Amino acid sequence: MSLRLKTQTAQCIELMGTIAGDNSAFEGHFPGLPVVPGVVQLQWAMKNSEYWYPQHHFLRIDKLKFQQVIVPGDQLLLTLSHHEAGKVSFRYCVGDQQISSGVLVFNV
């Protein structure tokens, strides 16, 4: 999926994008009721965390919560925040609803 930059500061990045129905993330998840798997959401968050940690190794995920599903046509907002060395918090929202959140921890 292609997310486009909405805002960026030293501590926060906001990215937006519309989830296309033909997105490869939907393959196999699930026939007749497509949803973006949690592992794909984590992959998107990790890739965009490279802004702060381009050469560091991912260690773990803390405080992971999946609250809603992402479906075709959703206008998705990904917010990444860096407030502590080695940690990037992420949050996905569709409108006012939080979809998922967590903290990515990197080896620094």
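Residues numbered from 1 in each chain as written. Predicted model: local features only at pLDDT ≥ 70, side-chain atom pairs only at ≥ 80, totals over all residues. Heavy atoms only, no water.

**So, the pairing of strand E4 (residues 75-84)**
And step 1. In terms of residue burial, E4 counts as a mostly covered element, since 7 of its 10 residues are buried.
And step 2. With 7 bridges connecting them, strand E2 (residues 12-18) and E4 associate as antiparallel partners. Note on E4: the bridge partner recorded for Glu 14 is Thr 79.
And step 3. Sheet analysis places E4 next to strand E5 (residues 87-94), joined by 7 bridges and oriented antiparallel. Across the sheet, residue Leu 76 finds its bridge partner in E5, namely Val 94.
And step 4. Linking E4 to E5, which pair antiparallel, is a turn of 2 residues; within it Gly 86 sits at a positive phi near 85°. (Buried < 20%, exposed > 50% of the residue type's maximum accessible area, 1.4 Å probe, protein only. Helix = DSSP H or I, 4+ residues; strand = E, 2+ residues; numbered from the N terminus. Pairing = 2+ DSSP bridges.)

**Some details on the nonpolar core**
And step 1. Counting 23 residues, the largest nonpolar core has Ile 19, Val 36, Trp 44, Leu 78, Leu 80, Phe 90 and Tyr 92 as the members making the most contacts within it.
And step 2. Within the residue set of this core, elements represented by two or more residues are E2, helix H1 (38-48), E4, E5 and strand E6 (97-107).
And step 3. If you tally residues by element for this core, the top one is H1, at 4 residues.
And step 4. Apart from the residues lying within four places of it in its own chain, the contact partners of Phe 90 are Leu 42, Ala 45, Leu 64, Leu 78, Thr 79, Leu 80, Ser 100, Ser 101, Gly 102, Val 103 and Leu 104. (Core = buried A, V, L, I, M, F, W, Y, C linked by side-chain atoms within 4.5 Å. Contact = heavy atoms within 4.5 Å.)

**Topic: the sheet that holds E2**
And step 1. With respect to topology, 6 strands assemble into an open sheet ordered E1-E2-E4-E5-E6-E3, the strand pairing being antiparallel. Looking at the sheet topology across the chains shown, the edges are occupied by strand E1 (4-8) and strand E3 (57-66). With strand direction ignored, the average angle separating the axes of adjacent strands in the sheet is 20°.
And step 2. Along the sheet face, H1 touches E2, E3, E4, E5 and E6 and points at about 55° away from the line of E4. (Axes fitted to C-alpha atoms, helices over the stretch in contact; angles between N-to-C directions.)

**Considerations on the pairing of E5**
And step 1. Of the pairings in the sheet, the one linking E5 to E6 comprises 8 bridges and is antiparallel in character. By the bridge assignment, Val 94 is partnered in E6 with Gln 97.
And step 2. Remark: 2 residues form the turn of the hairpin made by E5 and E6, two consecutive strands paired antiparallel; Gly 95 in that turn has positive phi of roughly 65°.

**Overview of the pattern of salt bridges**
Oppositely charged side chains can form a pair if their charged atoms are brought close together.
And step 1. The full count for this structure, using the stated rule, is 2 salt bridges.
And step 2. Arg 60 serves as the salt-bridge partner of Asp 62, at 3.0 Å between the closest nitrogen and oxygen.
And step 3. For Asp 62, a relative accessible area of 21% puts it in the partly exposed group.
And step 4. On the accessibility criterion, Arg 60 (41% relative accessible area) is partly exposed.
And step 5. A salt bridge links Lys 87 to Glu 84, with the nearest nitrogen and oxygen atoms 3.7 Å apart.
And step 6. When its relative accessible area of 26% is taken as the criterion, Lys 87 is described as partly exposed. (Salt bridge = Lys/Arg side-chain N within 4 Å of Asp/Glu carboxyl O.)

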